[in-house]
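Breakdown of the fold
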Amino acid sequence: MGLVHKQYLDNDAVYCCSRCKTHLTTVDAIISRQFQGKHGKAYLFQQVINVYSGPPEERIMTTGLHIVRDIMCNECSLIVGWTYVKAYEESQKYKEGRFILERNLVQEV
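Now for a look at the structure at hand. (Residues numbered from 1 in each chain as written. Predicted model: local features only at pLDDT ≥ 70, side-chain atom pairs only at ≥ 80, totals over all residues. Heavy atoms only, no water.)

On to the overall build of the protein. From N to C terminus, the protein includes zero helices and ten strands. When its helices and strands are written in sequence order, the protein yields β-β-β-β-β-β-β-β-β-β. Its C-alpha atoms give the protein a radius of gyration of 13 Å, near enough to 13 Å, the size a compact globule of 109 residues would have. Taking the principal axes of its C-alpha atoms as reference, the protein extends roughly 35 × 35 × 20 Å. For the protein, the proportion of its 109 residues judged to be buried stands at 46%. (Helix = DSSP H or I, 4+ residues; strand = E, 2+ residues; numbered from the N terminus. Rg over C-alpha atoms; globule rule 2.2 N^0.38 Å. Buried < 20%, exposed > 50% of the residue type's maximum accessible area, 1.4 Å probe, protein only.)

In this structure the tally under the stated criterion is four salt bridges. Put simply, E75 and K6 hold a salt bridge, and the shortest N to O gap is 3.5 Å. Note that E75 is positioned in the loop between β7 (64–73) and β8 (79–87) and K6 in the segment before β1 (14–17), a separation of 69 residues in sequence. Assessed through its relative accessible area of 26%, K6 is described here as partly exposed. For E57, the salt bridge is made with R59, and the minimal N-O distance between the two is 2.9 Å. Under the relative-accessibility criterion, E57 is labelled partly exposed at 37%. What emerges from the salt-bridge pattern is a single network uniting E57, R59 and D70. (Salt bridge = Lys/Arg side-chain N within 4 Å of Asp/Glu carboxyl O.)

Before going further, it helps to spend a moment on the environment of S53. Note that S53 resides in strand β5 (residues 51–53). Sequence separation of S53 and G64 is eleven residues, and the distance between their C-alpha atoms is 21 Å. Those residues in contact with S53, other than ones at most four positions away along the chain, are R69, D70, I71 and M72. (Contact = heavy atoms within 4.5 Å.)

In this model, the largest pocket occupies a volume close to 200 Å³. Together, Q34, F35, Q36, G37, K38, R59, M61, T62, T63, W82, Y84 and K95 line the largest pocket. Listing elements by their share of the lining of the largest pocket, those giving two or more residues are β3 (30–37), β6 (57–61) and β8. Of all the elements, β3 adds the most residues to the lining of the largest pocket, at four residues. When the residues that make up the lining of the largest pocket are grouped by side-chain class, the tally is four nonpolar, five polar and three charged. (1 Å grid on protein atoms, 1.4 Å probe; cavity = no way out; pocket = protein on both sides within 12 Å on 5 of 7 lines; lining within 4 Å. Points joined across faces, edges and corners; volume = space filled by probe spheres on them. Nonpolar A, V, L, I, M, F, W, Y, C, P; charged D, E, K, R; others polar.)

In a beta sheet, neighbouring strands pair by backbone hydrogen bonds and run either parallel or antiparallel. Across the sheet, which stays open at both edges, the three strands sit in the order β2-β1-β10 with antiparallel pairing between neighbours. The sheet is open, and its two edges are formed by β2 (23–26) and β10 (106–108), each paired on a single side. When strand polarity is set aside, the average angle formed by the axes of neighbouring strands in this sheet is 30°. Of the pairings in the sheet, the one linking β1 to β2 comprises three bridges and is antiparallel in character. For V14, the partnering residue across the bridge sits in β2 and is T26. (Pairing = 2+ DSSP bridges. Axes fitted to C-alpha atoms, helices over the stretch in contact; angles between N-to-C directions.)

Nothing here speaks to function; it is geometry throughout.
Here's what the structure looks like:
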């Protein structure tokens, strides 16, 4: 396996991995702050960087059944959230291709 190229964000408000401080996204990419994760509050983001994803799995969430993939920090492999692959409910389709980051697992810098 080759070296992973880490990207850095140039923004006043960057969210990074709480363990290793790798940049993940910016405050400008937030779609919603009204989500709940396994560890408390979570935010829905348009895009994230410096992550890799696990295998797809079906999960029953408060808004119904979804196919999701956990997302892990490229640097330290901490699971920082998940990405929505498929939403079965029509009202939840807007989440597809979006990312959840759990606030207890990321820091704003």
